[in-house]
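# Descriptive analysis of the structure
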Amino acid sequence: MSKQKKFILDEKNLPKQWYNIVRDMPNKPLPPIHPGTKKPLTKEELSVIFAEELMDQELSTQSYIDIPEEVLDIYKIWRPTPLVRAYNLEKALDTPAKIYFKNESVSPAGSHKPNTAIPQAYYNYKQGIKHLTTETGGGQWGSALSFACKYFNLDLKVFMVKVSYHQKPYRKIMMNTWGADVIPSPSMMTASGRAALEKDPDCSGSLGLAISEAVEMAVQNPQTTKYTLGSVLNHVAIHQTIIGEEAILQMEMAGDMPDVVIGCFGGGSNFAGLGFPFLRKNFKEGKNIRIVAVEPQSCPKLTRGKFQYDFGDMAGLTPLLPMYTLGHTFQPSDIHAGGLRYHGAGAVVSQLLKDKLIEAQSIPQLETFEAGLLFANTECIIPAPESTHAIAMAIREAKKAKEEGRNKTILFNLSGHGLVDLYAYEQYFAGNLVNYDISDDVINKSLAELEKL
Ligand SMILES: *Cc1c(COP(=O)(O)O)cnc(C)c1O
C-alpha cells in the first residue's frame, strides 16, 4: 500500500478564526509599559505607533478572533499550506520516530510572514492610513509586507539591516517588484541611524536598530503613517496561529498527534503560530505535548538571557516589554539566519517559558547548515537558514528516539525556503561559516546596561 505523504486541507476548511492564548495562560503576560512614566501603556498611547484594531488585538483577552473575509480571500492564494510526512528524512536517520513538517515556504514571499502582513496591511487600510514603515532582517518580513501593501494600496518604506541588504540583494528586488522603498539601516534618514553611524561608520546594523529608524519615521506623521512589526508582539503571534489551527486538523487527517512541536525562534511568531494551538491541547485536554523553541547559539536570549523589561529596539524608542533578553544593545554575530538575530522575545512566549510551559534550546550555526543540507537532499526543499534551526532540533529528537528505541511523533515548522538565501549556502560550501560562542562577559555587559533602566 502506498503511504500518504501530504495532508492537504480543503480550501473550505481554512480556519475562520485566530487563537489568542492569553486567556488560557495560568499567569498572564505583564503589560507593555511607558519608558517615561513606567505605567502600563493604554491603547491610545500604543495607537500613536500602530493601527488601532491591531492594538485591540494586542491587549485582547478574548480566546478567538474572527479573520476578516478580505484577509481570508488573500490567504486562499496559498493557504491552507501542506502538512508533509518526511519519510525520506526518517529513512536517512534510520529512526523509529515519525517526522512531519508544516510547509510555510509555499507563500508568495516564501515564508510564514504574509500570515500577519496581510491582516496588518488590511487593518491599517481600514483605518485610512496611507503610509507604513517597517524594518526587515533577512528581508522576509519586508517582502511579505510589500506584497500585502500592494493589495491595499499602501505606500511602504522598509529599513533593511545593512548586512542583509548586501548579502541578500534579491530580497530587496522582490520588495521593489512589489513597489516598496528599501533603505539600508543604519541610514542617514533618522537620528537613530545617524547616531549609530557616528559611533561606527562600518556598523552592519541589527534588527533592533532598524526598528528604531522605522518607528522614528512613523511617529513624525501619526495621522497618516504607522509602523508595523513582523514578530515579537502578541497580535503578530495571534495572526500566525492559522498555522497551528490548520496543522491540528491535518494531524487528525493523518490519524496522529505530535509528542513534540518545534519552531525556530527569532521574535517568536512562527514558533507561537504553530505551537500555541497545540499548547491549548495541554491546557484544555490535559495533553502533554512538548513545545520547543530553537534559537541560534550566537543569539541565546531564551537559554541565557534574563527575564525583565527591555526595549524592543536598540535606541530605546519602543515601549518597554517584559521579555527574555540579552539587552537591547546586544550586537548579534553576522550569522546567516538574519531573522533570528534579535536580542529579545515576545512577552507571551517569555511568560510561558518562565512558567516552564514551553522549552528552549540553542543550536550552533554549522549543525543547522548540516541539517539544512540533509533536509534538502531527502525532502528536496532548500530551507531558509532560520528554518534549519527547527530541522536540526527535529533531527536531534529523532536521533534520541532511536537511541532510546522509542516511537515518537515530531512536528516542526518549515518557516520558509532558502532560495533567496543561496549566498549563505555558498559560504557554507566554501567553508567560510563558523560557530559563534558568545562569552558570559559579552552577555553580562549588555545586560548590565539594563540595570540602569
Ligand atoms: C522572520 C523569520 C523567522 C523568525 O521570526 P519569528 O517571528 O521568530 O518566526 C524564521 N523563519 C523565517 C523563514 C523567517 O522569515
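Just so it is clear, the structure is predicted and the values come from calculations on it, not from any experiment. (Residues numbered from 1 in each chain as written. Predicted model: local features only at pLDDT ≥ 70, side-chain atom pairs only at ≥ 80, totals over all residues. Heavy atoms only, no water.)

This part takes up the site of the ligand. Neighbouring the ligand are 18 residues, the closest being Lys113, Ser231, Gly266, Ser269 and Asn270. Interatomic distance of 2.7 Å between a side-chain N/O atom of Ser269 and an oxygen atom of the ligand. In the model, a nitrogen atom of the ligand is placed 2.7 Å from a nitrogen or oxygen of the Ser415 side chain. For the ligand, whose free accessible area comes to 380 Å², the fraction covered by protein is 97%. By residue class, the composition of the shell around the ligand is four nonpolar, twelve polar and two charged. (Near = heavy atom within 4 Å. Polar contact = N/O pair within 3.5 Å; in protein donor to acceptor, adjacent residues only side chain to side chain. Areas by Shrake-Rupley, 256 points an atom, 1.4 Å probe, with all protein chains shown as cover. Nonpolar A, V, L, I, M, F, W, Y, C, P; charged D, E, K, R; others polar.)

Taken in spatial order, the seven strands of this open sheet run S1-S4-S5-S15-S10-S11-S14, and their pairing is mixed. Whereas interior strands pair on both sides, the edge strands pair on one side only; in this sheet they are strand S1 (6–7) and strand S14 (359–363). Across two bridges, S1 lies against strand S4 (residues 83–85) in antiparallel orientation. Its bridge partner being in S4, Lys6 is matched across the sheet by Val84. Relative to the sheet, helix H13 (residues 269–285) contacts strand S5 (98–103), strand S10 (260–264), strand S11 (290–296) and strand S15 (409–414), its axis offset from that of S10 by approximately 160°. (Pairing = 2+ DSSP bridges. Helix = DSSP H or I, 4+ residues; strand = E, 2+ residues; numbered from the N terminus. Contact = heavy atoms within 4.5 Å. Axes fitted to C-alpha atoms, helices over the stretch in contact; angles between N-to-C directions.)

Across the eight residues that make up helix H15 (residues 347–354), a large majority, six, are buried. Tucked into the core, H15 has its buried residues touching helix H11 (234–240), H13, helix H14 (301–304), strand S12 (306–311), strand S13 (320–325) and S14. Once H15 ends, the next one or two residues include Lys356, with phi positive near 60°. (Buried < 20%, exposed > 50% of the residue type's maximum accessible area, 1.4 Å probe, protein only.)

Inspection of the secondary structure assignment puts Pro35 in the loop between strand S2 (17–19) and helix H1 (43–46). As for Pro35 and Ala92, which are separated by 57 residues in sequence, their C-alpha atoms are 52 Å apart. In this structure Pro35 touches Phe311, Thr318, Pro319 and Leu320, once residues within four positions along its chain are discounted.

This brings us to helix H10 (residues 207–219). Helix length check: H10, at 13 residues, gives a terminal C-alpha distance of 18 Å against a target of 18 Å (1.5 Å per residue), a fit within 8%. Burial runs high along H10: twelve of the 13 residues are buried. Within the span of H10, buried status applies to Leu207, Gly208, Leu209, Ala210, Ile211, Ser212, Glu213, Ala214, Val215, Glu216, Met217 and Ala218. In this structure, the buried side of H10 is in contact with strand S6 (131–136), strand S7 (155–161), strand S8 (181–185), helix H9 (191–199) and strand S9 (225–227). (Expected span 1.5 Å × (residues − 1).)

Tallied over the entire structure, the rule returns 18 aromatic pairs. Look at Tyr19 and Tyr64: their rings are 5.6 Å apart centre to centre, the planes differ by 40°, and that puts the pair in the tilted class. Placement of Tyr19 in strand S2 and of Tyr64 in strand S3 (residues 64–66) is noted, with a sequence separation of 45 residues between them. Overall, the relative accessible area of 1% leaves Tyr19 in the buried class. Residue classification places Tyr64 among the partly exposed residues on the basis of a relative accessible area of 32%. Taken together, Tyr75, Trp78, Phe147, Tyr151 and Trp178 form an aromatic cluster joined through their ring pairs. Of note, Arg85 hangs over the ring of Tyr100, and the distance from its end group to the ring centre comes to 5.7 Å. The cationic tip of Arg280 hangs over the ring face of Tyr19; the distance from NZ or CZ to the ring centre is 4.5 Å. (Phe/Tyr/Trp six-rings, centres within 6.5 Å; stacked < 30°, edge-to-face > 60°. Lys NZ or Arg CZ within 6 Å of the ring centre and 35° of its normal.)

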